[in-house]
Structures are given as structure tokens and as C-alpha cells.
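# Structure at a glance
The lines below spell out each chain.
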Amino acid sequence: MVARAIHDNAQVEQVIIGSDVPLTEACQLAEAARLDRPELGVILLRTRVDVTALSQALRAGVREVVSADDHTAIAEALRRSRDLTSRLIGHASGGQIRDGRVVTIFSAKGGVGKTTLSTNTAVHLAHSGLRTLLIDLDLSFGDVAISLQLVPTQSVFDAVSMSGHLDEEALKGITVVHEESGLHVLCAPNDPGDADRIPVPTVTEIIKVARRHYDYVVVDTPPSFTEHVLAAVDISDALVLIATLDIPAVKNLRVAIDTLDMIGSPRDARIIVLNRADAKVGLRPEDVESAIKAKIAVNIPNSLTVPASVNRGIPIVLDEPKAPVATSIKTLVDTHIRVGAAEEETNGHNGSSAPAAAPARKSLFSRGRK
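We now turn to the structure provided with this report. Values in this document were obtained by computation on a predicted structure and should not be read as measured data.

Rules behind the numbers
- Residues numbered from 1 in each chain as written.
- Predicted model: local features only at pLDDT ≥ 70, side-chain atom pairs only at ≥ 80, totals over all residues.
- Heavy atoms only, no water.
- Helix = DSSP H or I, 4+ residues; strand = E, 2+ residues; numbered from the N terminus.
- Contact = heavy atoms within 4.5 Å.
- Areas by Shrake-Rupley, 256 points an atom, 1.4 Å probe, with all protein chains shown as cover.
- Pairing = 2+ DSSP bridges.
- Axes fitted to C-alpha atoms, helices over the stretch in contact; angles between N-to-C directions.
- Core = buried A, V, L, I, M, F, W, Y, C linked by side-chain atoms within 4.5 Å.
- Buried < 20%, exposed > 50% of the residue type's maximum accessible area, 1.4 Å probe, protein only.
- 1 Å grid on protein atoms, 1.4 Å probe; cavity = no way out; pocket = protein on both sides within 12 Å on 5 of 7 lines; lining within 4 Å.
- Points joined across faces, edges and corners; volume = space filled by probe spheres on them.
- Nonpolar A, V, L, I, M, F, W, Y, C, P; charged D, E, K, R; others polar.
- Phe/Tyr/Trp six-rings, centres within 6.5 Å; stacked < 30°, edge-to-face > 60°.
- Lys NZ or Arg CZ within 6 Å of the ring centre and 35° of its normal.
- Expected span 1.5 Å × (residues − 1).
- Arc of directions from axis to C-beta.
- Salt bridge = Lys/Arg side-chain N within 4 Å of Asp/Glu carboxyl O.

### Considering the overall build of the protein chain
A count of helical and extended segments in the protein chain gives 14 helices and 11 strands. Long-range pairs, those at least 24 residues apart, make up 76% of the contacts in the protein chain with a sequence separation of at least 6. A total of about 17,400 Å² of accessible surface is found on the protein chain, and carbon and sulfur atoms cover 53% of it.

Rendered as C-alpha cells:
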């Protein structure tokens, strides 16, 4: 109950845990808060401060452990914690919280061009001067690395050993840079067996740390609602849903939309994309809209230049930037994904305006999903 109240109320910046709360419960709350609200200050009161309690609490993310009957020490601890929170969220310099935007790209059916759209979306953002991270969350069979002709030595799996202690430098250490665009990429493991050994909280931590240091975090996904995908959807600002002009793809998109409605995912965060929209296969975009009961935001045309660019490992937005496919993808990014694109000419966080923080949202995991 307390953890949910903290998550849902972004104005809460400090929490003091009383001495009557068991140490284990206090540490669990602090650890959850560290992942969900890194700027939140947690101070633990104890009737007796011993080395064991102190080390356990600090490992869990408690900022200070103070004797419950030392009111002066409590006031000083609270002051120091407030100062640290202010520095973390930018209040000390009169700034505002400026998290980057998380964009998850999903389709409930394979073969619809999801990875191609993910890589081109991320490359266009990065090539536009925005600090961008692309995460391959298809942990068993991800194709992001091969699509961009990258040879990673580390992957998402390497973040597991850093869980609870992941920071900007550690995250950068397991990414690889796409030299042509400046895009940072966190690749899927080479061994499909590693997928089952990556806990969901590790994925959540990766994305939350990443959004504090990148303007955009683009997440490529497998064609199913795994727990890892749901974790990404849970903290995404935009969800791009893809379909093509075939009955199975449209049916799966309808099922995906129904699933998102059921778990409480906000409808206004969804962007529907119809890929190969001009294919002459007996279905029309209007038929898709009627079936899914939602408007298509962007129609991307069919083109043989796309598989050719994939085979060369050069994203179409760089290979043929004026091609209709590239133009459609850039329209998707600039019109539906970027925040304040018309007002900002940014080169990342170096002296420029980052995207404004998205409004606080309730977690899907706090809405009754088991």
C-alpha cells in the first residue's frame, strides 16, 4: 500500500520509516523505491543502530539510518536527503525533472517489419542529434545487432550482475555504438538460453536508468506479451503497434489492443502503423481500421529497397533518405514520437532542452495483473 502510494504520488520526495517497521519490510520498500523513484529519499529509524542493520539498509537503498530518539540527527538526515533529492531532480539549479521518452515498438505477429521499423526509428532519432538508445528486448532471437551490422561483446544479460547498482557508466559499458548515426544499442544475448536468466526487474531497471540519460529509449520486442515486454509497456510513453494487410496480422493486432485495454494501458499512448500499406492483397487500410476500431496514424508503403537495405545493414533512412518508405518512417518519428520537435533543435543533453517529462502514470503492475 505504501509502495503504491509513493509510485502514484510524484510529489512525495522523502519517506521516513519508523522504528517499529521490521527491517526486512523496510529494506524491501527501499529497494522497490530505488528502482521506481531513484530521486526519493528513504530514511530508516531504529531503536538501536547496529552494523548488520546499517549495512543491510544501505545495500537496499536507504540513504541514512538514524536513532529514533535522536531528533537532531533525524532533522539533519532529512536536510541532507532533501539536498540530494534536489540535486538529482534538478531543483538546485531551478530545473525540472526531464526524463527521456520510452518508445516500445510491438506486434503480436512476426514478419511485419517490426525490427526494421525499430532500427530505422532509433537511427533517425540519433541522426537528428538526439541521444538515443535502442534496446533489443527480443531476448531469445533478437535481430537488431545483425540488422545494423554490429558485433556486440556484451548484451542485456550483462546487466543482470549489476541489478540494483546500474548507472549511466555501467549501462554505457554494455552498449555498442552504431557509428553512422551515433545510436547506442543494447543488444539481445547471443545465447537464446540466457533469456530465461534475465529477471523482469533487471529490464525495468535498465529502461529507468536509460531514460534518465538518453533523450529517447526505443525498445524492440518479440511478437508476444512476455513479462519483459509488459514491463517495457508499463513504463513507455509511446507504444507503436504494427500490422500489415493480412488477416492474421490484423487479428493479432485486435487481440493485442484488447489485451492492452484489459491491463489498463492508456489508449492515447498508442500509435498504429500499417506497414506495406499499398500492397494489393484484397484488404485496404480502411478495412484494418474497421477491424481494430482505431485510426491508423501512419501508412508505410511496400518497397523492395527495404529488404535490400536490411541485407546491406544500412537503415533505409540513411541509405535512401528520400525514398517513400524512409519519408513515412521519418513522418512517424517527427509527428507522432518526438516531443516538441518543432521547438527544439537539440544535440542531446549538452546544453540543450531535453524532452519534457511525461505525466505520472499508474503502473500496469498495480492494476490487478498477476
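### Some remarks on the sheet that holds strand β3 (residues 64-67)
What the 3 strands build is an open sheet, ordered β1-β2-β3; its pairing is parallel. Every other strand in the sheet has two partners, leaving β1 (14-17) and β3 as the edge strands with one partner each. Across the sheet, the axes of successive neighbouring strands diverge by a mean angle of 25 degrees, strand direction being ignored. Pairing of strand β2 (residues 41-46) with β3 involves 4 bridges; the strand directions are parallel. Its bridge partner lying in β3, L45 is registered against V66. Each of β1 and β2 touches helix α2 (residues 23-36); the most contacted strand, β2, lies at about 170 degrees to it.

### Regarding the nonpolar core
Generally speaking, a soluble globular protein has its nonpolar side chains buried in company with each other. If you look at the biggest cluster of nonpolar residues, it comprises 36 residues, and the most contacted ones within it are L117, L134, L148, L183, V185 and V240. The element best represented in this core is helix α14 (residues 324-337), accounting for 6 residues. If we skip the residues at most four places from it in the chain, L117 touches I105, V240, I242, V273, I300, I329 and L332. Counting 25 residues, the second-largest nonpolar core is a separate cluster that includes L133, V203, A232 and I235.

### Details of the environment of P38
For P38, the location among the structural elements is in the loop between α2 and β2. Distance in space between the C-alpha atoms of P38 and K208 is 9.0 Å, their sequence separation being 170 residues.

### As for empty space enclosed by the protein
The gaps left among the atoms become clear once a water-sized probe is rolled over them. Taken as a whole, this structure holds 2 cavities of 30 Å³ or more when the rule is applied. Of the volumes computed, that of the largest cavity is approximately 60 Å³. Of all the secondary-structure elements, those providing two or more residues to the lining of the largest cavity are α5 (114-127) and α12 (305-312). If you tally residues by element for the lining of the largest cavity, the top one is α5, at 4 residues. Across the lining of the largest cavity, the residue classes tally to 4 nonpolar, 6 polar and no charged.

### Things to note about the sheet that holds strand β7 (residues 183-186)
The 8 strands are arranged β6-β7-β5-β8-β4-β9-β10-β11 in an open sheet whose pairing can be described as mixed. Edge positions in the sheet fall to β6 (176-178) and β11 (298-300), since each of these pairs with one other strand and no more. Going from strand to strand, the sheet's axes swing by 25 degrees on average, the running direction of each strand aside. Here strand β10 (residues 270-275) runs beside β11; their pairing, made up of 3 bridges, is parallel. The partner of L274 across the bridge, within β11, is N299. Here α5 sits on the sheet in contact with β4 (101-106), β5 (132-136), β6, β7, β8 (216-220), β9 (238-243), β10 and β11, set at roughly 165 degrees to β8.

### Section: the packing of aromatic side chains
The full count for this structure, using the stated rule, is 1 aromatic pair. Residues F106 and F225 carry aromatic rings whose centres are separated by 4.4 Å and whose planes lie at 20 degrees to one another, so their mutual orientation is stacked. Of this pair, F106 sits in strand β4 while F225 sits in the loop between β8 and α9 (227-234), and the two are 119 residues apart along the sequence. Accessibility expressed as a relative area gives 25% for F225, which makes it partly exposed. Over the ring of Y214 we find R131, and its NZ or CZ is 5.1 Å from the ring centre.

### Details of α14
Think of an α-helix as 3.6 residues a turn; residues three or four steps apart then line up on the same face. The end-to-end C-alpha distance of α14 is 19 Å, a good match for the 20 Å that 14 residues give at a rise of 1.5 Å each. When α14 is considered as a whole, its buried residues turn out to be V325, A326, S328, I329, L332, V333 and I337. Take α14 and look down its axis: the buried residues cluster within an arc of 165 degrees, on one side only. Exposed residues pointing more than 90 degrees away from the buried face of α14 are listed as P324 and T335.

### A short note on the pattern of salt bridges
Oppositely charged side chains are able to pair whenever their charged atoms sit close together. All chains considered together, the criterion is met by 17 salt bridges. One salt bridge connects D287 with R284, and the closest N-O pair in it is separated by 3.2 Å. Given the relative accessible area of 26%, D287 is considered partly exposed. Close ionic contact of E289 with K295 constitutes a salt bridge, the shortest N to O distance being 4.0 Å. Through salt bridges with shared partners, one network takes in E76, R79 and D83.

### Structural notes on unusual backbone geometry
The phi torsion at Q149 lies on the positive side, around 55 degrees, for a residue other than glycine. Secondary-structure assignment places Q149 in the loop between α6 (144-147) and α7 (168-173). Residue classification places Q149 among the exposed positions, given a relative accessible area of 53%. A positive phi angle, near 50 degrees, is found at R276, a position not held by glycine. As for its position among the elements, R276 is in the loop between β10 and α11 (285-292).

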